[in-house]
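Overview (structure and organization)
Here is what each chain is made of, one letter per residue.
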Amino acid sequence: MKLPGVSEFSWRDVATEARLLLIGIPVFLWTMIPIYHMFLFAISPKEDAFSGKLWPDHPTLHNFEIVFKQQHYFLRDFYVQFWNSLVIAASVGVLTLVIATAAAFSISRLKVPGGRVVLNLALFTYFIPAAFLAVPMYRTMGNYGLLNNHWSLILAMVTIASPYAIWVLKQASDKLPVELDEAAVMDGATTLQIFRLVYLPLMMPSLVAIGTYAVLLAWNEYLYAFLLLSNDREITLPVALGNFLAADDSPWELLMTTGFIYALPPAAVYYAFRRYMVGGLTAGAVKS
Amino acid sequence: MAITLSGDQSIPAPPLSSRLTPAQVWGIVLLAPYLLVFLAFVVYPVCYGLWLARAPSNYVALYNDPIFARAAVNTLIFLVIGINIKMLIALFLSGFFAQQRPWIKWLSVIFILPWAVPSIPTILSVRFMLNPEWGVINHIIFSLTGDDGPNWLNDPTVALSMAIGVHIWKSLPFWTLILITGRLAIAHDLFEAAEVDGASWWQKFRYITWPSMQTLYITCTLLSMIWTLGDFNSVYLLTGGGPADLTHVLSTLGIRYLRLDQLSLAMASIVCAMPFVLPLVYFMMKRLSR
């Protein structure tokens, strides 16, 4: 009598699982190694960091202490730079939301004449490679007298974040039923009341996604920050990290510690809003 | 906001306001902030930049600069090799991550990290790993073989490959995520039917998965090309364009000219990429605004 092939089936499962692990383990290592290496430097005393060990003999938080107490030449303005990054990212988030929500409402709900053209212009900007736009943008900010002023970076990042924000918000707006607006008009609501009382509450999930996107974009930005800002007390954290490299004997363990601290907020924000981000952003990126 | 009162007005109302409803006036007011940003920070800079790059002498200078030729070739290598490797891996991994397993779900959460964290600390971390004297990679090579490892960033070919690797590390999660979305949209009963007919995994991929994902895959590849052209960080933070300016791509070259105060050369080098970029942009806009 042949038993219902118990062992046969589980062997197949083991083989499948093994094949999946054969992919999963390299994927895990590939993803984590640069991040782990950064973390390893942050918790290693200088001697251990340079010795190529995979775990320090004496893990320490000393590097964090140096950074938080600003006890190194490169870290003199750590808190100011952290604050600059924070203020700029928050301003970009708020301004992008205001500008893009207004534009999306205008194009999608009010059907403003020429709205379609503006949307296409925005899409065109979305497709200009960022490093290409940086060249004329740098000179333009100079012409406007904004170089070394936080406004230059804020406005540049708003310019870069808005097209995508308008695009995603317009897509989301189109999905809201027209009847809502019509009912509100019947009840005598003005355009602004519809915007405030009907539109904004319904758009909340998309607004969270777009706000997070704009904040992360600005927080993580290096190229524009490094072109547009240069005084030690005006620059953001990534520019300060880049400046570490200028020295012949860069304090790499401090560079990695500061980098680790700098990378934590976006990772935390990303995980906190992951539910909104993945749906909202991937849907807008490529319409299939 | 002008308001037309009635037909018997002695002064004719301005034609524009008579055609616009209050809602449309609000529409224009709400659209104005973006239009201002667009005019001030896209239209003006682009026109000004093109005007700066107008002299033919710029293009002669670029043609005579060996670094420009090298950067153009590097950009092409970056696009053709880098993007295809990246997109093929993303296509493959999208199949892996679409499997329903708790540990794969956890891995997918970790897998997103390179995309979520900023470039500068992670790319600098890779840069230090590749350091010939102190980097962990050469330490491992030494402990395994007793020989010194290569000087990774000193050979332009190796250094460029490493920059492509960094680029893939950074942007692979995003494209994998998009392709997973595409894969999950395929009707499941197609696979079940194929399973009943005893189709191999290759047959399932060839006749079900690929036909439904082909358009998405091609669109992603093209969009990725545009964005890769704008990727400054992977090359600049890893190699700084070196050794001897041999690993520049067009985006880092433009910034290099800018730093050397040769703005018209910087713009001209970007203008040279336009015949390549504009058809891509046109195609993407047509796809998206359909």
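Since the structure is predicted, the reported quantities are computational estimates derived from the model, not experimental observations.

**Details of the overall build of chain A**
- Within chain A, the regular secondary structure consists of 13 helices and 0 strands.
- Written out in order from the N terminus, the α and β elements of chain A read α-α-α-α-α-α-α-α-α-α-α-α-α.
- Since a compact globule built from 288 residues should have a radius of gyration of about 19 Å, the 25 Å found for chain A marks it as more spread out than a globular shape.
- For chain A, the spread of C-alpha atoms along the principal axes amounts to about 85 × 75 × 35 Å.
- Restricting to contacts in chain A with at least 6 residues of sequence separation, those with at least 24 account for 72%.
- In the structure as shown, chain A presents an accessible area of about 13,200 Å², 66% of it carried by carbon and sulfur atoms.
- Across chain A, 18 positive and 19 negative side-chain charges occur, with their mean positions spaced 9 Å apart.

**Overview of the overall build of chain B**
- What chain B contains, in helices and strands, is 15 helices and 0 strands.
- A compact globule built from 290 residues would reach a C-alpha radius of gyration of about 19 Å, whereas chain B, at 26 Å, exceeds it by more than 25%.
- Taking as baseline every contact in chain B between residues at least 6 positions apart, the subset at least 24 positions apart corresponds to 70%.
- Counting only carbon and sulfur atoms, one obtains 67% of the accessible surface of chain B, whose full area is about 14,300 Å².
- Of note, chain B has its 16 positive side-chain charges centred 8 Å away from the centre of its 13 negative side-chain charges.

**With respect to the UniProt feature "transmembrane region" (unreviewed entry) in chain B**
Residue and element names in this part refer to chain B.
- Cross-referencing UniProt, the feature "transmembrane region" (unreviewed entry) maps to residues 25-51, 71-94, 106-130, 158-186, 207-229 and 263-285 in the present numbering.
- Within residues 106-130, the helical portion is 84% and the strand portion 0%, while the C-alpha atoms at the span's ends are 29 Å from each other.
- A distance of 33 Å separates the end C-alpha atoms of residues 207-229, which is 100% helix and 0% strand.

**Concerning a nonpolar patch on the surface**
- The grouping of V73, L76, I77, V80, I81, I85 and I89 of chain B at the surface amounts to a nonpolar patch, some 550 Å² of accessible area in total.
- Residue position: V73 of chain B is located in helix α4 (residues 66-97).

**Regarding the interface of chain A and chain B**
- In this complex, chain A contributes 92 residues to the contact, which on the side of chain B involves 94 residues.
- For the chain A and chain B pair, buried surface summed over both sides reaches about 8,400 Å², with 80% attributable to carbon and sulfur atoms.
- The largest contributions to the chain A side of the interface with chain B come from F127, F132 and V135 of chain A, which together make up 9% of the buried area.
- In this assembly, chain A and chain B are joined by 1 salt bridge.

**A look at the side chain of S251 of chain B**
- Structurally, S251 of chain B is set in helix α13 (residues 250-259).
- Here the side chain of S251 of chain B touches D231 of chain B through a polar contact of 3.1 Å, landing on its backbone oxygen.
- Apart from the residues within four sequence positions on either side, S251 of chain B is in contact with A131 and F132 of chain A together with L229, D231 and F232 of chain B.

**Some points on the environment of N151 of chain B**
Residues and elements named next belong to chain B.
- You can see N151 is positioned in the loop between α8 (136-145) and α9 (156-184).
- A residue is classified by how much of its surface remains accessible, and N151, at 37% relative accessible area, is partly exposed.
- Note: C-alpha distance between N151 and A40 (111 residues apart in sequence) is 46 Å.

**Digging into the UniProt feature "transmembrane region" (unreviewed entry) in chain A**
Residues and elements named next belong to chain A.
- The UniProt record marks residues 20-43, 82-105, 117-138, 150-169, 197-219 and 254-273 with the feature "transmembrane region" (unreviewed entry), using the residue numbering of this structure.
- The distance separating the terminal C-alpha atoms of residues 82-105 is 34 Å; by composition the span is 100% helix and 0% strand.
- With 100% helix and 0% strand, residues 197-219 has end C-alpha atoms that lie 31 Å from one another.

**A closer look at the packing of aromatic side chains**
- Inspection of the entire model under this criterion finds 41 aromatic pairs over all chains.
- Through pairs of rings, three or more aromatic residues link up here, namely Y126, F127, Y164, Y213, Y270 and Y271 of chain A together with W115, F174, W175 and W227 of chain B.
- R54 of chain B extends its terminal NZ or CZ atom over the ring of W51 of chain B, reaching a point 4.2 Å from the ring centre.
- Taking the ring centre of Y207 of chain B as reference, the NZ or CZ of R206 of chain B above it sits at 5.2 Å.

**Considerations on the confidence of the model for chain B**
All names here are of chain B.
- On average, residues of chain B score 88 in pLDDT, and 93% of them are at 70 or above.
- Confidence, read as mean pLDDT per element, is least for helix α1 (residues 15-19) in chain B (59) and greatest for α4 (95).
- With pLDDT under 50 throughout, residues 1-9 is counted as low confidence; its partners more than four residues away or in other chains account for 5 contacts.
- If you check the scores for this complex, the pTM reads 0.89 and the ipTM reads 0.88.

**What about the pattern of salt bridges?**
- Applying the stated criterion to the full structure yields 8 salt bridges over all chains.
- R101 of chain B serves as the salt-bridge partner of E17 of chain A, at 2.8 Å between the closest nitrogen and oxygen. Placement of the pair is E17 of chain A in helix α1 (residues 6-42) and R101 of chain B in the loop between α4 and α5 (102-111), with the two residues belonging to separate chains.
- Its salt-bridge partner being E195 of chain B, residue K204 of chain B comes within 3.3 Å of it at the nearest N-O pair.
- Residue K204 of chain B is classed as buried on the basis of its relative accessible area, which comes to 16%.

**Re the UniProt feature "domain: ABC transmembrane type-1" (unreviewed entry) in chain B**
- Following the UniProt record, one finds the feature "domain: ABC transmembrane type-1" (unreviewed entry) at residues 72-282 of chain B.
- Annotation note: span residues 72-282 of chain B, helix share 77%, strand share 0%, distance between end C-alpha atoms 22 Å.

**As for unusual backbone geometry**
Residue and element names in this part refer to chain B.
- Residue P243 follows G242 across a cis peptide bond; omega there is -5 degrees.
- In this structure, P243 sits in the loop between α12 (233-238) and α13.
- Of note, the phi angle at D245 is positive, near 60 degrees, even though the residue is not glycine.
- One non-glycine residue with positive phi stands out, namely D261, at about 65 degrees.
- Examined against the element boundaries, D261 turns out to sit in the loop between α13 and α14 (263-271).

**Focus on the side chain of N58 of chain B**
All names here are of chain B.
- Mapped onto the elements, N58 comes out in helix α3 (residues 56-64).
- Given a relative accessible area of 9%, N58 falls into the buried group.
- Discounting chain neighbours no more than four positions away, the residues touching N58 are L52, A53, S264, L265 and A268.

**Considering the packing of helix α8 (residues 178-186) of chain A against helix α9 (residues 191-220) of chain A**
Residues and elements named next belong to chain A.
- Packing of α8 against α9 leaves a shortest axis separation of 11 Å and a crossing angle of 155 degrees. One way to sum up the angle between α8 and α9 is to call them roughly antiparallel. Once α8 is placed against α9, the crossing between them reads as right-handed. Between α8, through L180, D181, A184 and V185, and α9, the contact on the second element is made entirely by I194, V198 and L202.
- Broken down by class, the residue content of the contact of α8 with α9 amounts to 6 nonpolar, no polar and 1 charged.

Conventions and cut-offs
- Numbers given for residues are sequential positions, taken from 1 along each chain in its written order.
- Each chain gets a letter, beginning with A, and each ligand a number, beginning with 1, in the order they are written.
- Side-chain atom pairs in this predicted model are given and counted only at pLDDT of 80 or more, local residue features only at pLDDT of at least 70, and totals for whole chains, interfaces and linings cover all residues.
- The side-chain numbers reported here are obtained from all heavy atoms of the structure, hydrogens and water having been left aside.
- Where helices and strands are cited, they refer to DSSP runs of H or I of at least four residues and of E of at least two residues respectively, numbered from the N terminus.
- Between the two quantities, the radius of gyration covers C-alpha atoms and the globule rule is 2.2 Å times the number of residues to the power 0.38.
- Note on contacts: a residue pair qualifies if any of its non-hydrogen atoms lie within 4.5 Å across the two residues.
- Values of accessible area rely on a 1.4 Å probe in the Shrake-Rupley scheme; residue burial ignores everything except the protein chains shown.
- In this tally Asp and Glu are treated as negative and Lys and Arg as positive; neither His nor the chain ends contributes.
- The atom standing in for a charge is NZ when the residue is Lys, CZ when it is Arg, CG when it is Asp and CD when it is Glu.
- UniProt positions are given in the numbering used here, feature names are shortened, and annotations may be inferred rather than shown by experiment.
- Candidates for patches are residues over 30% relative accessible area with no salt bridge; among them, like charges are joined within 9 Å and nonpolar side chains (Val, Leu, Ile, Met, Phe, Trp, Tyr) within 5 Å.
- Salt-bridge detection follows one rule: a side-chain nitrogen of Lys or Arg within 4 Å of a carboxyl oxygen of Asp or Glu.
- Two parts placed together each lose some accessible area under a 1.4 Å probe, and adding up what both lose gives the buried area.
- For this analysis, a polar contact is any N or O atom pair within 3.5 Å, provided that within protein one partner can donate a hydrogen and the other can accept it, and provided that sequence-adjacent residues contribute only side-chain to side-chain pairs.
- When a residue's accessible area, from a 1.4 Å probe over protein chains only, is under 20% of the maximum for its type it is buried; when over 50% it is exposed; and in between it is partly exposed.
- Two rings from Phe, Tyr or Trp (for Trp, the six-membered ring) form a pair when their centres sit within 6.5 Å of each other. Planes less than 30 degrees apart are called stacked, planes more than 60 degrees apart edge-to-face, and all others tilted.
- A ring has a charge above it when a Lys NZ or an Arg CZ is no more than 6 Å from the ring centre and no more than 35 degrees off the ring normal.
- A residue's pLDDT is the predictor's confidence in that residue, given on a scale from 0 to 100.
- All axes are obtained by fitting lines to C-alpha atoms, using only the stretch in contact for helices, and the reported angles, taken between N-to-C directions, cover 0 to 180 degrees.
- Throughout this description, any angle smaller than 35 degrees is read as roughly parallel, any larger than 145 degrees as roughly antiparallel, any in the 65 to 115 degree range as roughly perpendicular, and the remainder as oblique.
- Two helices crossing with the near one rotated counterclockwise from the far one by less than a right angle form a left-handed crossing, whereas a clockwise rotation gives a right-handed crossing.
- We call Asp, Glu, Lys and Arg charged. Ala, Val, Leu, Ile, Met, Phe, Trp, Tyr, Cys and Pro are nonpolar, and the rest, Gly among them, are polar.

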